[in-house]
Structures are given as C-alpha cells and as structure tokens.
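So you can see what is in the structure, the chains are spelled out below.
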Amino acid sequence: MPEYVRITDVSPRDGLQNEPGVIPTAHKARLVELLCDTGVDEVEVTSFVSAKWVPQLGDAKELLRLLLKPLPEGGVGVGLSDSERREPAEIAAPRWQPPARSRRTLGMAQALRKAMTGPEHALWELLKNRAFMGFKFRRQHPFGPYILDFFCHELRLAVEVDGRTHGHPTAQQHDAERDAWLADQGLRILRVSNDAVIASPTNVALRIRDAAMSAAAGSRTQPTPTPPSGRGSGMSLLSALVPNLAGFQGVLDANRMAHRNLLSKVSLFTAASETFSKKNTNASIAETLERFKPVIAAAHTEGLLIRAYISCVIACPFEGPIDPAVVAGLAEQLAALGADEIDLGDTIGAATPDTTTALLSRYAHALPIRDAQVPLTLHLHDTFGRAHACVRIALDHGVRSFDGSVAGLGGCPYASTPTSRAPGNIATEALVETVESAGYETGVDGDALAVAAAYAREIVTRARAGAAS
C-alpha cells in the first residue's frame, strides 16, 4: 500500500493575505468549504493579526461565524447535521451492530474508563477531539467478551495500546487469539506501543487518523460529518495563524462561539533571518520565541496543536542565503518550547534541489524527519518554477507533509518587483500531482480540487479588477 503524504492548503490565509482587492467574507467561506470537499488534511483558514497590518484578514471572526452556517452560492453548508447530509436510503439502511456484551464486561469497561491515566489518557485527549480526528472514538469500549482500548464504531476500527507485558509469548498468543476473534466480527485492529504513546501521543494520533482515512476510503461506510467540514467525510482540520497571545484570544473566542474546537491548530511564525523577522514581526528571533511561550502553554491547555513556521529557510530577500545550521538550531528550540509541528518555509522560492538537500540533511542531524516526535512540513513557493523538483527531493529525505495553495495563490511581497508580482505558493493541485506521481497517496480528490482552484481564481480575479478600477 502506498505511503500517505499529508496535504495542507493555506490559500484562505497565505494565498489571500496580500491580495490588493477586498474579497468578501462569504467568498472566503465558500473557498474553505470547497477545499474541505477536496479531502486535504488541513485548511489554514485565516490569521488573527491586526487589520491595520493585514486588512484582507481583518474579517477572521466573521469568517468563522459563517463557517458555522449554511453558505450562499449553492454551498451545502458546514453546520449541517448527520441526517441533513445523508441520503434517505442511507438513513433507512440497517446499521451494523456489535455482538452482545455481558454485564460483567460493561462494568469492567466503566471501571477502566474512570481509572485510566498515563499514556492512554494522553492519547485519549487527542482521539476525543473529533474536529482533529474526523471520526468519533470511544475509550475502554466493551465488545463481546473483550474491552477495546479505543474504538470507532462507524469504521469498525479498534486501537489497542500495548505495554511491555505484551512482549511475553503468552500475552502475544492471547493477543493473536483476541485479534482473530475480533476480525471475525468485522473489526480492523491497529496496535500501537505504550512507548510510542509516551514519546509522542500526537504522532500516534496522526498515525491512527491515517489508518482511519484508509479504512474510510476502502469502505462504503462514510464517516460522520464533523463541522466545519463541508464534505461528507469531514476530515479537514481547520487552523489559524496568530502573532501573539492577543491574537490567540481570537481563536479561543471562535471555539467558544462554536461550542467546540472549530479551530484545532494554531500557527505561530518566526524566521531564520533577523532582518526578515524584524520587518515581518517587528521583533527579533529571540523576541518571537518569548512571545510563543504563553501561546503554546495556553493552546495545549485548550487541547490545541501548535504549528511553528520558520520563514526564509533557504534565503532571505535582505540577507541572502541562510545557513541550514541556523534553521536546524531554531527548529530544535521550537521543539523544546512544545511545538507539535515544524513548518519550514521557503518564503521567496529560492530553493533548488541542492539547497533543499543541504537543508534537510542538516535538519536531520538536529531532529528526526521520519517517525519524528515533532513532524516536519515543507512550505514551498514556486517563484522560479523549481518547487516540484524540491518536493521530490523532500520525499526522498522522508518528508511526508507539505503545504500548498490552491491555484498557486499567494507569493511573498518581498519577492516581487515594482513591475512584476512574484508567483505564489506551489499550487495544491500541482503538489498533489507531484506527490502521487512519485508513488505516494494523498487521498485528495483531483476533480474537487479543480473546482476549488477555479473558484479561487474567479474570486481573486474579481477582487483585483475591483481594486484596479
């Protein structure tokens, strides 16, 4: 089975933030919905920065409010209930039922739920976040004569966490007998180790989510829709960028308005260039790291993930080439602060296959790339048409997560000239094609992506024409 590569679309935020014409909030909401329809893993929807500095994103609060309602322009809406989304025949179809459970098994499961602590509890904090996982999981679920550590009814997927005692031959025989019985009942079993959960519950949760996506793709059973996704599978995680603790308050307000984690991830940004950091954030690199500390602590208290962007990882428009060792050292600091994901941004599109190789080789000396406790994402701009070659190099180095922007929207203003606008991020549709042609799986619907790209081009063209007039 092909390896899975994670795709994040950043067009609603990074793709639109520098557009000169005003794009109506309803159009942005419709774009988010169309992107969720494509099957991308994540959509970065907006940024809680001051409207004074980024006027285009000054409507973040209103955008998130719209994502809770049915949308205009024929959109199916992102706040519909399960019954509203399903066809009548699907509702009427008989549902699969697990085997009967004894009172003894039920009682034991209830006792285990109350007593669960340690690694399993840390993993449960992620699995129960339906906006993050895309599916509803249950913990310590009684199933016939057995108790499953975690169980997704709609996918018939059981997750078992194995401690050290499972290495004993007797325990392994018991596990095999148990798995065989559960398989006869139509269940799929995914086993993870206690040590892996202790090292990184986030990594384990992402692995479980990938397995759930594979199960959904190979089954007629469709996962229950999870707001705010507009597509039936409800898998797209929504995230937003914040500059500081004041911006983070906007995320909290949005989630409290939705009565759930509408936004499941918060993005922070620094740079590998002091000059760029001061021009872009009005702070030195060290000062940005200090700003991150309270945001990371607050986000983790709320059960939210943290992505940490590093801009200018290849070159800076003011300082020139950037030493890969600087990037690797900064990534180590961010990981130590508690970042759940490191996102390396080639801000001006200067990367070549050689400089990408140098960067990732040095990064791997500081932090693992494959099976890492802090996953790595690559954010490429296609300023000089080399982004696709760099994607292939990154895949060879073990990178399994990339950012794209549908229709190639965006582009760093510092890479533009007075007469020529710099090309933007690598187009998500081209990114998916490059990854899949290399033999990997993304789970993204190409036809739906083409629809989203056409809509993105339409609203941007309309806004630019308005600005020019």
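Below: a short report on this structure. (Residues numbered from 1 in each chain as written. Predicted model: local features only at pLDDT ≥ 70, side-chain atom pairs only at ≥ 80, totals over all residues. Heavy atoms only, no water.)

**Describing the sheet that holds strand E6 (residues 188-193)**
Right, so step 1: The mixed open sheet is built from 4 strands, whose spatial order is E3-E4-E5-E6. Looking at which strands have only one partner, the edges of the open sheet turn out to be strand E3 (138-143) and E6. Strand-to-strand twist of the sheet, defined as the mean angle between neighbouring strand axes without regard to direction, takes the value 45 degrees.
Right, so step 2: Looking at chain direction, strand E4 (residues 146-152) and strand E5 (residues 157-162) are connected through 3 bridges and run antiparallel. Bridge pairing in E5 places Phe150 opposite Val159.
Right, so step 3: Along the sheet, helix H7 (residues 118-127) makes contact with E3, E4 and E5, crossing E4 at roughly 35 degrees. (Pairing = 2+ DSSP bridges. Helix = DSSP H or I, 4+ residues; strand = E, 2+ residues; numbered from the N terminus. Axes fitted to C-alpha atoms, helices over the stretch in contact; angles between N-to-C directions. Contact = heavy atoms within 4.5 Å.)

**Overview of the side chain of Thr8**
Right, so step 1: For Thr8, the position within the fold is in strand E1 (residues 6-9).
Right, so step 2: Reaching out from Thr8, the side chain makes a polar contact with the side chain of Arg6 at a distance of 3.4 Å.
Right, so step 3: If near-sequence neighbours (up to four positions away) are discounted, Thr8 is found in contact with Glu42, Arg307, Phe402, Asp403 and Gly404. (Polar contact = N/O pair within 3.5 Å; in protein donor to acceptor, adjacent residues only side chain to side chain.)

**Examining the packing of aromatic side chains**
Right, so step 1: In this structure the tally under the stated criterion is 4 aromatic pairs.
Right, so step 2: When the ring of Phe143 is compared with that of Phe151, the centres are 5.7 Å apart and the planes differ by 70 degrees; the resulting orientation is edge-to-face. Considered together, Phe143 and Phe151 belong to a single accessibility category, that of buried residues.
Right, so step 3: With 6.2 Å between their ring centres and 85 degrees between their planes, Phe143 and Trp181 make a pair best called edge-to-face. A residue pair is termed long-range when its members are at least 10 positions apart, and Phe143 in strand E3 and Trp181 in helix H9 (residues 169-184) qualify at 38 residues.
Right, so step 4: Relative accessible area serves as the criterion here: at 0%, Phe143 is assigned to the buried category.
Right, so step 5: Overall, the relative accessible area of 27% leaves Trp181 in the partly exposed class.
Right, so step 6: Geometry around Phe318 places Lys279 over its ring, the cationic atom sitting 5.0 Å from the centre. (Phe/Tyr/Trp six-rings, centres within 6.5 Å; stacked < 30°, edge-to-face > 60°. Buried < 20%, exposed > 50% of the residue type's maximum accessible area, 1.4 Å probe, protein only. Lys NZ or Arg CZ within 6 Å of the ring centre and 35° of its normal.)

**Considerations on the environment of Asp343**
Right, so step 1: Relative to the helices and strands, Asp343 resides in strand E12 (residues 341-346).
Right, so step 2: Taking the C-alpha atoms as reference points, Asp343 and Ala331, separated by 12 residues in sequence, lie 9.0 Å from one another.
Right, so step 3: With sequence-adjacent residues up to four places away left out, Asp343 is seen in contact with Arg307, Ala308, Tyr309, Ile310, Thr377, Leu378, His379 and Asp403.

**With respect to the pattern of salt bridges**
Right, so step 1: Going through the model one piece at a time under the given rule, you end up with 24 salt bridges.
Right, so step 2: Between Glu3 and Arg370 there is a salt bridge, with the nearest N and O atoms lying 2.8 Å from each other. With a gap of 367 residues between them, Glu3 in the segment before E1 and Arg370 in the loop between helix H16 (353-366) and strand E13 (376-380) connect regions that are remote in the sequence.
Right, so step 3: Judged by its relative accessible area of 40%, Arg370 falls in the partly exposed class.
Right, so step 4: Note that Lys128 and Glu125 form a salt bridge whose closest N and O atoms lie 3.2 Å from each other.
Right, so step 5: Residues joined in a network through salt bridges with shared partners are Arg6, Arg13, Asp14, Glu42, Glu44, Lys265, Arg307, Glu341 and Asp343. (Salt bridge = Lys/Arg side-chain N within 4 Å of Asp/Glu carboxyl O.)

**A few points about the nonpolar core**
Right, so step 1: Core analysis: the largest hydrophobic core is formed by 92 residues, its most contacted members being Ile342 and Leu344.
Right, so step 2: Dropping the residues within four chain positions of it, Leu344 is found in contact with Ile310, Val313, Val327, Leu359, Tyr363, Leu376, Thr377, Leu378 and His379. (Core = buried A, V, L, I, M, F, W, Y, C linked by side-chain atoms within 4.5 Å.)

**Re the sheet that holds E1**
Right, so step 1: If you walk around this closed barrel you meet the 8 strands as E1-E2-E7-E8-E9-E12-E13-E14, and the pairing is parallel. On average, each strand axis in the sheet is inclined to that of its neighbour by 25 degrees, with strand direction left out of account.
Right, so step 2: When strand E8 (residues 265-271) meets strand E9 (residues 305-311), the two strands line up parallel, connected through 7 bridges. Bridge assignment links Ser267 to a residue of E9, and that residue is Arg307.

**Here's the deal with the pairing of E12**
Right, so step 1: Counting buried positions along E12 gives 6 out of 6 residues, so the element sits mostly inside the fold.
Right, so step 2: By the alternation rule, side chains of E12 split into Glu341, Asp343 and Gly345 and Ile342, Leu344 and Asp346, which are all buried.
Right, so step 3: Bridge count for E9 against E12 is 4 bridges, and the pairing is parallel. Residue pairing in the sheet places Ile310 in a bridge with Leu344 of E12.
Right, so step 4: Here E12 pairs with E13 via 5 bridges, running parallel. Looking at E13, one finds that Asp346 is bridged to Leu380.

**Points about unusual backbone geometry**
Right, so step 1: Residue Arg156 is not a glycine yet carries a positive backbone phi of 55 degrees.
Right, so step 2: At Asn282, a position not held by glycine, the phi torsion is positive, near 60 degrees.
Right, so step 3: For Asn282, the position within the fold is in the loop between helix H13 (274-281) and helix H14 (285-301).

**Considering the pairing of strand E2 (residues 42-47)**
Right, so step 1: Counting buried residues along E2, 6 of its 6 residues qualify, which places the element largely inside the surrounding structure.
Right, so step 2: Where E1 and E2 come together, 2 bridges link them in parallel fashion. Its bridge partner being in E2, Asp9 is matched across the sheet by Val43.
Right, so step 3: Inspection of the sheet shows E2 paired to strand E7 (residues 237-241) by 5 bridges, in the parallel sense. What sits directly across from Ser47, in E7, is Leu241.

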